[in-house]
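Examination of the molecular architecture
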Amino acid sequence: MHLIPEAIPILQDNYIWLLRQGANAIVVDPGQYQPVADYLQQHQLTLRAILVTHQHPDHIGGLAELSAAWPDADVFVPVASTTDKQLAGRQIEDGDLLDIAGWQGSVTVLGVPGHTLNHLAYLVDCTPQVLFCGDTLFSAGCGRLFEGSPAQMLQSLQRLAALPESTLVCCAHEYTLANLRFALEVEPENQALVEYQRHASTLRSGGVPTLPSQIGLERSVNPFLRCNELLLQQRWSQPDALSLFTFLRQWKNRF
């Protein structure tokens, strides 16, 4: 079954993701209510589930209103971390398999700590697979470490990088061009990066999202997925993948 994820832009650079299957829909990280409600009504869709990757306000701002407007929709939320209060909904964690009413196919829950300790990603069983990764993986970048350690984030990113290369990557922010400027500082001779920057610039100049990306593309252009590359470790005088990741993340924080 081929499904096309659709990005609903909100705020400055957020995307709420919506996945349609016939007249049914799944929504991921509803940071605002009205844009989702308008989309569902315009396309005459039934909201079947709301998936939350983590509890930052720009990802849950419309959650309560949306779940109240569609009370039959399942709401799936991460188990609360030590720094967050528990959201209303079904608490889920790594390894859970979601069976959503009215939806054909399963959704697998992946624990990807780093940005937050309880951050989740969702892998939808379709062709190609669709990954909703919140603020863990961005195109050509990754999320800041607000709660987790570099080791946790690197492990989370390596787990996502091991998915099939055709997997569609639905990130929660349009950070691609800024991330590519940094990536080219890290690896200026990477021709895949040069070509991707040209393509992404064309898309953005036309007001088109650069997302979804694909895992195969990210393996070739995302410096945070390339920390096992010995040439990169040597270039930046880092002895191993974790040291290189830590160095790059600290550099990106200041970039």
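Scope of this entry: the structure provided in the associated data block. (Residues numbered from 1 in each chain as written. Predicted model: local features only at pLDDT ≥ 70, side-chain atom pairs only at ≥ 80, totals over all residues. Heavy atoms only, no water.)

Attention shifts here to the environment of Asn-222. Along the chain, the position of Asn-222 falls in the loop between helix 7 (215–221) and helix 8 (230–235). Overall, the relative accessible area of 0% leaves Asn-222 in the buried class. Spatially, the C-alpha atom of Asn-222 lies 5.8 Å from that of Gly-141, the residues being 81 residues apart in sequence. Within the structure, the side chain of Asn-222 is placed 3.0 Å from the backbone oxygen of Gly-141, a separation counted as a polar contact. (Helix = DSSP H or I, 4+ residues; strand = E, 2+ residues; numbered from the N terminus. Buried < 20%, exposed > 50% of the residue type's maximum accessible area, 1.4 Å probe, protein only. Polar contact = N/O pair within 3.5 Å; in protein donor to acceptor, adjacent residues only side chain to side chain.)

Time to look at the packing of helix 4 (residues 150–161) against helix 9 (residues 241–254). At their nearest, the axes of helix 4 and helix 9 sit 10 Å apart, and the two run at 105° to each other. Taken together, the axes of helix 4 and helix 9 are roughly perpendicular relative to one another. For the pair formed by helix 4 and helix 9, the contact residues are Pro-150, Ala-151, Met-153, Leu-154 and Leu-157 on the first element and Ala-241, Leu-242, Phe-245 and Thr-246 on the second. (Axes fitted to C-alpha atoms, helices over the stretch in contact; angles between N-to-C directions. Parallel < 35°, antiparallel > 145°, perpendicular 65-115°, else oblique. Contact = heavy atoms within 4.5 Å.)

What follows is about the pairing of strand 8 (residues 107–111). Side-chain positions along a regular strand alternate between the two faces of the sheet. Where burial is concerned, most of strand 8 is hidden: 4 out of the 5 residues are buried. Inspection of the sheet shows strand 7 (residues 97–98) paired to strand 8 by 2 bridges, in the antiparallel sense. Counted as the bridge partner of Leu-97 is Thr-108 from strand 8. Relative to strand 9 (residues 120–124), strand 8 is paired through 5 bridges, and the arrangement is antiparallel. Within the sheet, the bridge partner assigned to Thr-108 lies in strand 9 and is Leu-123. (Pairing = 2+ DSSP bridges.)

Bringing the packing of aromatic side chains into the picture now. Tallying each qualifying case throughout the model produces 9 aromatic pairs. Their ring planes at 75° and their centres at 4.9 Å tell us that Phe-138 and Tyr-175 sit as a pair that is edge-to-face. Pair noted here: Phe-138 is in strand 11 (residues 137–138) and Tyr-175 is in the loop between strand 13 (168–171) and helix 5 (176–186), with a separation of 37 residues, a long-range link. Relative accessible area serves as the criterion here: at 5%, Phe-138 is assigned to the buried category. Consider the rings of Phe-182 and Phe-255, whose centres lie 5.2 Å apart with planes at 75°: the pair is edge-to-face. Note that Phe-182 is positioned in helix 5 and Phe-255 in the segment after helix 9, a separation of 73 residues in sequence. Residue classification places Phe-182 among the buried residues on the basis of a relative accessible area of 0%. Its relative accessible area of 48% is what places Phe-255 among the partly exposed residues. Grouped by ring-pair contacts, the aromatic residues Phe-182, Phe-224, Trp-236, Phe-245, Phe-247, Trp-251 and Phe-255 constitute a single cluster. (Phe/Tyr/Trp six-rings, centres within 6.5 Å; stacked < 30°, edge-to-face > 60°.)

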